[in-house]
Number of protein chains: 2
Amino acid sequence: MQTRRYHHGDLRAALLTRAERTLREKGPGALSLRELARDLGVSHAAPSRHFKDKQALLDALALAGFERLDEALAGSRAAGETFADRLGGLVRAYVDFALANAELLDLMYTVKHDPAASEELITAAQRLGAMAVELVAEGQRSGEVREGPVDDIGMPVFTTLHGFASFAVSSVLSAEEVESGLDAVIAYMVRGCAPS
Amino acid sequence: MQTRRYHHGDLRAALLTRAERTLREKGPGALSLRELARDLGVSHAAPSRHFKDKQALLDALALAGFERLDEALAGSRAAGETFADRLGGLVRAYVDFALANAELLDLMYTVKHDPAASEELITAAQRLGAMAVELVAEGQRSGEVREGPVDDIGMPVFTTLHGFASFAVSSVLSAEEVESGLDAVIAYMVRGCAPS
DNA sequence: GCTTCAATGTAGGCAACGCCAACAATGATG
DNA sequence: CATCATTGTTGGCGTTGCCTACATTGAAGC
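Undergrad: Can you explain the overall build of chain A? Please cite residues and give values.
TA: Scanning chain A from terminus to terminus reveals 8 helices and 0 strands. Helices and strands in chain A line up, N terminus first, as α-α-α-α-α-α-α-α. If one aligns the C-alpha atoms of chain A with their principal axes, the spans along those axes are about 70 × 35 × 35 Å. Burial analysis of chain A (196 residues in total) assigns 39% to the buried set. Across chain A, the fraction of contacts at a sequence separation of at least 24, relative to all contacts at a separation of at least 6, is 68%.

Undergrad: Account for the relation of the copies chain B and chain A, naming residues and giving values.
TA: You can overlay chain B on chain A at an RMSD of 0.1 Å; the transform is a turn of 180° with a shift of 0.0 Å along its axis. Those values place the two copies in the arrangement expected of a two-fold rotation axis. Looking at the interface residues of chain B, 100% of them are also at the interface in chain A, so both copies use one shared face.

Undergrad: Any chance you could break down helix α7 (residues 150–169) of chain A for me, citing the residues and the numbers?
TA: Residues and elements named next belong to chain A. If you check α7, its first and last C-alpha atoms are 28 Å apart, about what 20 residues at 1.5 Å a residue would give, namely 28 Å. Summarising burial for α7: 17 of the 20 residues are buried, a large majority. At the exit of α7 stands S171, carrying a positive phi of roughly 65°.

Undergrad: Could you give an account of the interface of chain B and chain A, with specific residues and numbers?
TA: For interface size, the figure often reported is the accessible area lost on association. Across the contact, 36 residues belong to chain B and 36 residues belong to chain A. At the level of elements, α5 (102–108), α6 (115–141), α7 (150–169) and α8 (175–193) of chain B are the ones that each hand at least two residues to the side of chain B that touches chain A. The dominant element in the side of chain B that touches chain A, judged by the number of residues it contributes, is α7 of chain B, at 12 residues. Considering only residue class, the side of chain B that touches chain A consists of 17 nonpolar, 14 polar and 5 charged.

Undergrad: Tell me what's going on with the packing of helix α4 (residues 83–100) of chain A against helix α8 (residues 175–193) of chain A, and back it up with residues and numbers.
TA: Residue and element names in this part refer to chain A. Where α4 meets α8, the closest approach of the two axes is 10 Å, and the angle between their N-to-C directions is 140°. Viewed along their axes, α4 and α8 adopt a mutual orientation that is oblique. Handedness of the crossing formed by α4 with α8: right-handed. In this structure, α4 contributes A84, L87, G88, V91, R92 and V95 to the contact, and α8 contributes V178, L182, V185, I186, M189 and V190. Looking at the contact of α4 with α8, its residues break down into 10 nonpolar, 1 polar and 1 charged.

Undergrad: Now, about the environment of S196 of chain A: what can you tell me, with residues and values included?
TA: Mapping S196 of chain A onto the fold places it in the segment after α8. Between the alpha carbons of S196 of chain A and R146 of chain A there is a distance of 6.9 Å; along the sequence they are 50 residues apart.

Undergrad: Can you tell me about the packing of α4 of chain A against helix α6 (residues 115–141) of chain A, naming the residues and giving the values?
TA: Residues and elements named next belong to chain A. Running from N to C, α4 and α6 cross one another at 170°; their axes reach a closest spacing of 10 Å. Accordingly, the angle class assigned to the pair α4 and α6 is roughly antiparallel. For the pair α4 and α6, contact is made by F83, R86, L87 and L90 and by A132, L135 and G139, respectively. Residue composition of the contact of α4 with α6, by class: 5 nonpolar, 1 polar and 1 charged.

Thresholds applied
- Residues numbered from 1 in each chain as written.
- Chains lettered and ligands numbered in written order.
- Predicted model: local features only at pLDDT ≥ 70, side-chain atom pairs only at ≥ 80, totals over all residues.
- Helix = DSSP H or I, 4+ residues; strand = E, 2+ residues; numbered from the N terminus.
- Buried ≥ 20, exposed ≤ 12 C-beta atoms within 10 Å, placed from the backbone.
- Contact = placed C-beta atoms within 7 Å.
- Least-squares fit on C-alpha atoms with pLDDT ≥ 70 in both.
- Expected span 1.5 Å × (residues − 1).
- Nonpolar A, V, L, I, M, F, W, Y, C, P; charged D, E, K, R; others polar.
- Axes fitted to C-alpha atoms, helices over the stretch in contact; angles between N-to-C directions.
- Parallel < 35°, antiparallel > 145°, perpendicular 65-115°, else oblique.
- Left-handed = near helix turned anticlockwise from the far one by under 90°.

Shown next as structure tokens:
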């Protein structure tokens, strides 16, 4: 039985996967590089070969979160006929991701990242914002959204989207309030976009 | 010279003050109970008389943050003639607080609080939300805001408010984008509230 | 096929931390 | 003035993040 090779194979990916699981199950405070190493059956210093820092691992985790969220939102965007439907789909996808990955979303938007990694993370977040902006631009072309600088509408829309998800994650809104408030938020967003 | 008494006087408050300063200056990761104690010239176990946990101190810090934000928002609410003006004032006050207390705001809405303290914190956050709702209710009475369940309008408004501040804090929006985007966000919020 | 060498994992150690238990000083209450 | 809960101190334990020195591996060049 070859239970353990000297080289793990893909320790970096294994660390990220396991870290996300620990994050989800035991919270961000319980994340320890040494415990991660123990769980994966490697020595306590092995993780340092792949992440120079604990913070570097957190940054990588956050970045992976943005990529997953990006996919989830891109997938949702195709569906829907009207602008309102498509916007609704976007909101639901974002909120679903938030509820399913609360601690991760918290990590993604947290303030304490390395300045170096921060740049990447900010870019990733802005890519999300760009999706909202593009949706708004489509709406403008089809006449369902008022004229004007697209950022002046897209940015507030993205802002509302994120704020709602953030409240859902931090329990400011209960699960029922999230469910029942979704339609109100979407309606409000549509009004904020509508032509006068 | 009576440089040091055995009893500090108000160690609890001193810990909170100093902790907030450290949070602001060196980030949340640098917050250590032992260092706090050293800074205040007190033994490393003294803080435990006032906060059973490191988390308990963080919770208290967050709660104090909500109280300060509450005051700031309440103070801003008087000013302004029209609904749009008053809403604008609220948004600016929230954003100003966010920019001046980025790490603290992050802490306030973070997910990892004690369930016990969480309840208090959630209540505090909802008190903020109630202010937005009340503003909307006033707007309804004066006819500047559309009819309908006040929560269906107030909650989205508060959501946008928080989302914008959150983006400002996490650098998704640069300082310039925040400044230049403020008016667009306010205009969008007003449209979302306006009667049809 | 051997050597070389960068990549990857290991072993040990250090200082700092959070937390705990046992003890000491203080000041309010009787 | 005695009592005693409150508040602070001392010392210690286990864990952590990080560092340095060393070991194993697999791939590249001869």
